[in-house]
Amino acid sequence: MAIHKLHIDEFDEVDYELIAIHTSLEDYRLAYFLNQKLPILLSKSKNEIQINIKEGITFFSRFIYENANTDCCWSLVQNKNEVTTVTTNNNQNLFGESSFEVATKAFLLPELKKVDYFLKIENSDAEMDKIIASMNTISQIATVYSVDSNSIKSKNNLIF
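All of these numbers come straight from a predicted model, not from anything done at the bench.

1. Some words on helix α2 (residues 128-136)
Right, on to step 1. Of the residues making up α2, those classed as buried are M128, I131, I132 and M135. Along the axis of α2, the buried residues cluster in a sector spanning 95°; they form a single face. Opposite the packed face of α2, turned more than 90 degrees from it, sit the exposed residues D129 and K130.
Right, on to step 2. Tucked into the core, α2 has its buried residues touching β1 (16-23), α1 (27-37), β6 (72-78), β9 (117-122) and β10 (141-147).

Here it is, written out as structure tokens:
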């Protein structure tokens, strides 16, 4: 009987490109402009990305385009979100029992806090320079650049 061994290093290969986007646009408006400039058709996904942080659970919106012919998948994901937690105060004071909401910022990739959105392109042989140049023609986008996925510490958040 033959023994087959799998090494964990075989699955550590990166098969996606990551583009950082800085903009003040809402996610649906950004998806609309990207659909106009790129050969894709992003649509809102029902499956949002769930991240657990110490303050609670947060969900990041996701727009997706899958090309069945080339097996390519494009995902537009927001990087910033707010987690709202309700805290109750049971002190015997003038206000008695009081509760208040505390909002905390949560990030999909905490080491890139200034980035508003990420465009993750899986299994594509498209030229990143052309894609970035096309995205830079959108006047509402401040800047766009490629991110080295090997420098990201929390790359497990990009598995979706």
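2. Thoughts on the layout of surface pockets
Right, on to step 1. Volume-wise, the second largest pocket comes out at about 190 Å³.
Right, on to step 2. Around the second largest pocket, the lining residues are P39, I40, Y65, N67, T70, C72, W74, N123, S124, D125, A126 and I131.
Right, on to step 3. For the lining of the second largest pocket, the secondary structure elements donating two or more residues are β5 (62-67) and β6.
Right, on to step 4. Taken together, the residues of the lining of the second largest pocket break down into 7 nonpolar, 4 polar and 1 charged.

About the cut-offs
- Along each chain, residue indices are assigned from 1 in the same order as the chain's sequence is written.
- Per-residue local features of the predicted model are confined to residues with pLDDT of at least 70, and side-chain atom pairs are confined, for both listing and counting, to 80 or more; whole-chain, interface and lining totals are unaffected and use all residues.
- Hydrogens and water molecules were not included; the side-chain quantities draw on all heavy atoms of the structure.
- Between buried and exposed lies partly exposed: a residue is buried under 20% and exposed over 50% of the maximum accessible area for its type, with that area taken using a 1.4 Å probe on protein chains only.
- The helix count covers DSSP runs of H or I at least four residues long, the strand count covers runs of E at least two residues long, and both are numbered beginning at the N terminus.
- Our arc is simply the arc of the directions from the helix axis toward the C-beta atoms.
- We call two residues in contact whenever any of their non-hydrogen atoms come within 4.5 Å of each other.
- Only protein atoms enter the calculation, which uses a 1 Å grid: trapped sets of points that fit a 1.4 Å probe without letting it out are cavities, open sets showing protein on both sides within 12 Å along at least five of seven lines are pockets, and any residue with an atom within 4 Å of a point is a lining residue.
- Grid points are joined across faces, edges and corners, and a volume is the space filled by probe spheres set on the points.
- Put simply, Ala, Val, Leu, Ile, Met, Phe, Trp, Tyr, Cys and Pro go in the nonpolar bin, Asp, Glu, Lys and Arg in the charged bin, and everything else, Gly too, in the polar bin.

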